[in-house]
Amino acid sequence: MVRLVGENIESNIYPLYKAQEMATQLGLDLVEIQPNVSPPVCKILDYGKYKYESQKRKNEARKKQKTIDVKEIKLRPNIDSHDFDVKIIGVDINAINITEDREQFRNLMLDIGIPMAPQATATSYLKGKEIAQKFGFPLVIRASFTLGGTGASFVYEEKDFDELLTRGLETSPIHEVMIDKALIGWKEYELELLRDANDNVVIICSIENMDPMGIHTGDSITVAPAMTLSDTTYQKMRDMAIKMMRSIGDFAGGCNVQFAVSPDDKEDIIAIEINPRVSRSSALASKATGYPIAKIAAKLAIGYNLDELQNQITKSTSALFEPTLDYVIVKIPRWNFDKFEGSDRRLGLQMKAVGEVMGIGRSFQEALHKATQSLEIKRKGLGADCKGITDYETI
């Protein structure tokens, strides 16, 4: 029996659908582990027996679910997946601990020579105040072991620090935050990677955020492929991403790496974080390139190698290739603040979008306007309908 691990509610639908499709083709049983936000439990459902044939069978599967306390997995460093009679494939718990624990991640990056922003870990209010006095403002607070940027925030002024630090500590299940010196104005990029058991690594797609550092990727307009990177910087970023992926474990599957690049001519690169899983950005990269990331990642997790799998685009070569795009993809998030009365409309490190649209075009301008029209907000492109600001000097 093969048991596949799903992620948080915001990004598990796409990869799990592909994993289920792959498991059905191979005649395998499928078990989903889906963490809930509150309370923190995992639901283990045996979908191999219940094939979504009817709502009745769904309900029967849910009645037979088991629960595992996520905090046990996070707080016990030597935990073994067999403690819960669950075989975890595609990633290991040590990799999750390294990437979600801000202090472990920082120490590992420094050991392998990957630059990081000036930062320090705080597990108490007093320690956080001490770090703030050392770094000065503005600062970034990131809570450990959270998803979707929960508990993260930009702190521009000292008067806001106490409240945001307390919120970050309370949000983290291990009461820990990483406090960074803010890299205001730096550009943000992502790379989507796949690796097999033979340590072959391919870069599927590069993604560039239109918004600078400080806006969650899910709330940012993003472009694929990256448009403003020099080839030298891109190659350096590739090498750093592959080195980071190899350093966190020997797992086979997908990985998402995020970087910040200075806006000057030096184009200095700073690592932000790495996610050892198929993520929200993976769905965008898969649609943009036509490369079935989730399906391939699921097969890699059960022992296939990239050179053994068929290229889904050409149908004649292997999956051990890197797609090349001759078009542009633009993703625009969709918000719905009107349905949440009293919600804060300011964007930051915590994701607030409820959906997204994607535009495809031969140029950036074409893709951007197509995506804008797809938002269904009664607008036709950016300024083309004369409903917004039209004065050039004001713009």
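Up top you'll find the structure we're talking about.
Not measured: the values here are computed from a predicted model.

J.: Please explain the side chain of E188 as it appears in this structure.
T.: In this fold, E188 is placed in strand β9 (residues 187-195). For the buried residue E188, which engages in no salt bridge, the nearest side chain bearing the opposite charge is R142, 6.9 Å off. Setting aside anything within four residues of it in sequence, one finds E188 in contact with I207, E208, N209, M213, I215, T217, Q258, F259 and I272.

J.: What's the story with the sheet that holds strand β15 (residues 355-361) in this structure? I'm lost.
T.: In any sheet, the strands associate via hydrogen bonds between backbone groups, in a parallel or an antiparallel arrangement. In space, the seven strands of this open sheet follow the order β13-β12-β9-β10-β11-β14-β15, with antiparallel pairing throughout. Each edge of the open sheet is held by one strand with a lone partner, namely β13 (269-275) and β15. Taking the axes of each pair of neighbouring strands and ignoring which way they run, one obtains an average angle of 25° across the sheet. The strands that helix α10 (residues 293-301) touches are β9, β10 (201-209) and β12 (253-261); relative to β9, the one it contacts most, it runs at about 45°.

J.: Help me understand the sheet that holds strand β5 (residues 119-122), please; the structure alone is not making it clear to me.
T.: Strand order in this open sheet of four strands is β5-β8-β6-β7, and the pairing throughout is antiparallel. Looking at the sheet topology across the chains shown, the edges are occupied by β5 and β7 (153-155). The sheet shows a mean angle of 25° between the axes of neighbouring strands, taken without regard to direction. Two elements, β5 and strand β8 (residues 177-181), share four bridges in a ladder whose sense is antiparallel. Looking at β8, one finds that T121 is bridged to M178. Against the sheet, helix α6 (residues 125-135) touches β5, β6 (139-143) and β8, its axis set at about 165° to β5.

Reading the values: rules and limits
- Residues numbered from 1 in each chain as written.
- Predicted model: local features only at pLDDT ≥ 70, side-chain atom pairs only at ≥ 80, totals over all residues.
- Heavy atoms only, no water.
- Helix = DSSP H or I, 4+ residues; strand = E, 2+ residues; numbered from the N terminus.
- Buried < 20%, exposed > 50% of the residue type's maximum accessible area, 1.4 Å probe, protein only.
- Lys, Arg positive; Asp, Glu negative; His and termini not counted.
- Salt bridge = Lys/Arg side-chain N within 4 Å of Asp/Glu carboxyl O.
- Contact = heavy atoms within 4.5 Å.
- Pairing = 2+ DSSP bridges.
- Axes fitted to C-alpha atoms, helices over the stretch in contact; angles between N-to-C directions.

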